[in-house]
Amino acid sequence: MSALRGRTAIVGVGQTPYYKRGTSPDSDVKLALRAIVAACEDAGIDPRDVDGFVSYASERSDAPRLMAALGTREVRFPALAWIHGGGIPGALGLAGTAIVAGQADVVVVYRSMAERVGQRLRVNVAQNDTTAQYLVNGIESPVQILALRAQRLMQADGVPRSALRAVTRASYYHARNNPRAVGRQTNLDDETYDGARMIADPYKLFDCSRENDGACAVLIVSAERARTLARKPAYILSAPMGTLEGGGALEENWRSYYATAGQAGLARRLWAESGYGPEDVDVAQVYMNNNAMGIGALIDHGFCTAENAGEFLTFENLIAPGGALPINTSGGDLAEGFIHGMGLVAEAVRQLRGDSPNPVPNAQLSLMTGGPGDWMSSTCLLGTEDTL
Amino acid sequence: MQYSFEEHRIVGGNGADDEYWRGLERGVFQLPRCAGCRRWTWPAQFRCGQCGSWEFEWVPLEPNGIIFSWTRSFYAFDRVVERRADLPYVTVVTELPGADGARVIGVLKGDETGLRIGTAVRGTIDPPCEKSKWYPSIRWEIVRAEPG
């Protein structure tokens with residue numbers, strides 16, 4: 001257990017429409033404002049009262065660019081969680097820590113992207129930190145780097161293609177019920193999956209996340225304040241961030257892990273701090289830059305092993321409402337769309353409120369895992385009042 | 001010596017591997033070893049986190065290794081479009097038993113037959129060219145049994 005367990009909660013969610021990359025009529029700053037104001041309206045909080053602004057990775061819409069339009073009275077806690085998609089749950093943890101420490105009262109965690117004014121996400125996401133050791137040798141995109149890990153996960157550790165196909169099919173199945181989902185029209189049967197073009201061996205098209213324009217924001221306040229608001233709070237039980245020795249910026253030289261997500265240490269902290277384990281989780285939003293890395297995250301969190309991944313990761317097991325572990329119930333990064341993974345937080349909250357497009361009945365514990373295989377990562381467990 | 005890569009610097013790394021590229025450009029494959037505790041330290045660092053030494057020696061070694069992982073790229077991604085004509089091409093992560101298992105990335109050269117994790121490869125050095133962004137590069141080639 002930790003001093004932060006259940007002390008703060010997500011009380012508002014705001015999401016803009018998701019656009020095909022480069023086609024948003026609005027700039028990233030305007031999208032961020034839309035999402036933040038929507039999250040405030042959802043929570044019943046005046047946007048002027050937001051005094052903490054936390055994001056991650058290469059977010060451009062920082063507090064100074066937003067505060068005049070929001071009417072912000074005072075920015076008290078502006079911060080960025082380091083690294084890429086690995087920082088999302090860590091950003092929630094940062095927000096919660098600030099509130100418990102008395103440094104802010106209402107913290108928004110958000111991410112906004114508009115590639116027309118920004119860059120391709122796959123360039124932007126890397127923050128120009130892809131090293132010469134990769135670029136000299138024809139490796140640029142995260143999909144290529146993650147393909148190296150997937151090759152190992154599949155060929156050396158024995159995770160079968162069927163597991164990749166199952167997580168992808170579950171994501172697209174869930175997207176059908178989500179009006180926001182960019183991939184909702186795609187009927188992803190086995191034939192479509194298997195017949196897709198190769199991007200970077202072993203990754204085919206539907207193994208990859210999308211890149212979209214849009215924004216997503218969630219609002220975090222103290223547990224005491226959360227109980228006075230309209231929406232059912234999603235309490236932050238634990239949101240650890242970090243990396244074990246042997247991780248970091250090591251250019252394929254990770255020794256303590258390689259093919260999984262680098263989240264085993266985080267998962268141990270998550271279960272210890274929350275007092276729960278993988279068997280207790282009702283529903284999971286798993287960041288999938290690529291699907292095999294998401295499988296690595298599930299292995300690191302103890303839902304399955306590389307050896308039994310093929311048995312556990314079946315379409316039936318992964319879908320709402322009745323699967324053993326419904327994942328990515330809005331369609332996730334593969335099928336809903338990809339605002340650098342931030343949409344997963346919104347969906348993790350919706351599951352606890354019961355207003356997911358694919359609700360898991362009576363969901364009490366909702367997991368959201370951060371960017372797997374990132375140099376540093378994070379993970380988060382949200383729970384209802386009953387789980388405190 | 002005027003080095004090509006120094007005039008075409010790629011930002012993004014920690015900048016500790018200049019001697020690796022200088023070595024390759026002179027035709028020498030070398031990796032850093034901590035001068036204090038003698039550990040191979042790869043990727044290159046400014047300080048040995050194990051013993052605290054700031055000194056490293058760059059040791060030439062035989063580029064013999066085994067394939068740790070690989071991928072075949074089918075798409076000309078933005079910052080490596082120079083390789084468009086070579087698509088699909090294979091990039092290999094090679095593990096070097098001679099350097100405590102340090103893993104060094106390079107593009108596969110020659111026949112792909114036998115391409116899989118665990119296959120023995122040997123490196124040769126390509127001089128700077130456009131495809132390698134005017135850096136020198138190590139190329140990994142699958143080791144074939146000698147005929148007869």
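Everything below is about the structure printed above this text.
Residues numbered from 1 in each chain as written. Chains lettered and ligands numbered in written order. Predicted model: local features only at pLDDT ≥ 70, side-chain atom pairs only at ≥ 80, totals over all residues. Heavy atoms only, no water.

Peer 1: Outline the overall build of chain B, supporting the account with residue identities and numerical values.
Peer 2: Along the backbone of chain B there are one helix and seven strands. Ordering the α and β elements of chain B from the N terminus gives α-β-β-β-β-β-β-β. Radius of gyration (C-alpha) of chain B: 16 Å, near the 15 Å computed for a compact globule of 148 residues. Considering only C-alpha atoms, chain B reaches an extent of 45 × 40 × 25 Å along its principal axes. Expressed as a percentage of contacts within chain B between residues at least 6 apart in sequence, the contacts between residues at least 24 apart total 54%. In chain B, the 19 positive side-chain charges and the 20 negative ones have mean positions that sit 4 Å from each other. (Helix = DSSP H or I, 4+ residues; strand = E, 2+ residues; numbered from the N terminus. Rg over C-alpha atoms; globule rule 2.2 N^0.38 Å. Contact = heavy atoms within 4.5 Å. Lys, Arg positive; Asp, Glu negative; His and termini not counted. Charge placed at Lys NZ, Arg CZ, Asp CG, Glu CD.)

Peer 1: Kindly report on the packing of helix 6 (residues 142–155) of chain A against helix 11 (residues 291–300) of chain A, identifying the contributing residues and their values.
Peer 2: Residue and element names in this part refer to chain A. Contact geometry for helix 6 and helix 11: axes closest at 9 Å, N-to-C directions at 60°. What the angle tells us is that helix 6 and helix 11 run oblique. Here helix 6 runs over helix 11; the crossing is left-handed. Contacts between helix 6 and helix 11 pair Leu146, Arg149, Ala150 and Leu153 from the former with Ala292, Met293, Ile295 and Ile299 from the latter. Here the residues of the contact of helix 6 with helix 11 are counted per class, giving seven nonpolar, no polar and one charged. (Axes fitted to C-alpha atoms, helices over the stretch in contact; angles between N-to-C directions. Parallel < 35°, antiparallel > 145°, perpendicular 65-115°, else oblique. Left-handed = near helix turned anticlockwise from the far one by under 90°. Nonpolar A, V, L, I, M, F, W, Y, C, P; charged D, E, K, R; others polar.)

Peer 1: With reference to specific residues and values, describe unusual backbone geometry.
Peer 2: Only a minority of non-glycine residues have a phi that is not negative, and only a minority of peptide bonds are not trans. Residue B:Pro43 follows B:Trp42 across a cis peptide bond; omega there is 0°. Here B:Pro43 lies in the loop between strand 1 (30–34) and strand 2 (56–60). Note that the residue after B:Leu87, namely B:Pro88, is joined by a cis bond; omega there is -10°. The topology assignment puts B:Pro88 in the loop between strand 3 (64–73) and strand 4 (89–96). Positive phi outside glycine occurs at A:Glu251, with the angle close to 45°. Structurally, A:Glu251 can be placed in the loop between strand 10 (241–242) and helix 10 (264–274). For A:Glu252, which is not glycine, the phi torsion reads 70° and is therefore positive. Within the secondary structure, A:Glu252 sits in the loop between strand 10 and helix 10. The class for A:Glu252 is buried, based on a relative accessible area of 0%. (Buried < 20%, exposed > 50% of the residue type's maximum accessible area, 1.4 Å probe, protein only.)

Peer 1: Could you give me a rundown of empty space enclosed by the protein, with the residues and numbers involved?
Peer 2: If you walk through the whole model with that rule in mind, you get two cavities of 30 Å³ or more. Within this model, the second largest cavity holds a volume of roughly 40 Å³. Around the second largest cavity sit A:Gln133, A:Glu251, A:Asn253, B:Trp42, B:Arg103, B:Val104 and B:Ile105, which together line it. A total of three residues in the lining of the second largest cavity trace back to one element, the largest contributor, which is strand 5 (residues 102–109) of chain B. The residue makeup of the lining of the second largest cavity, split by class, is three nonpolar, two polar and two charged. (1 Å grid on protein atoms, 1.4 Å probe; cavity = no way out; pocket = protein on both sides within 12 Å on 5 of 7 lines; lining within 4 Å. Points joined across faces, edges and corners; volume = space filled by probe spheres on them.)

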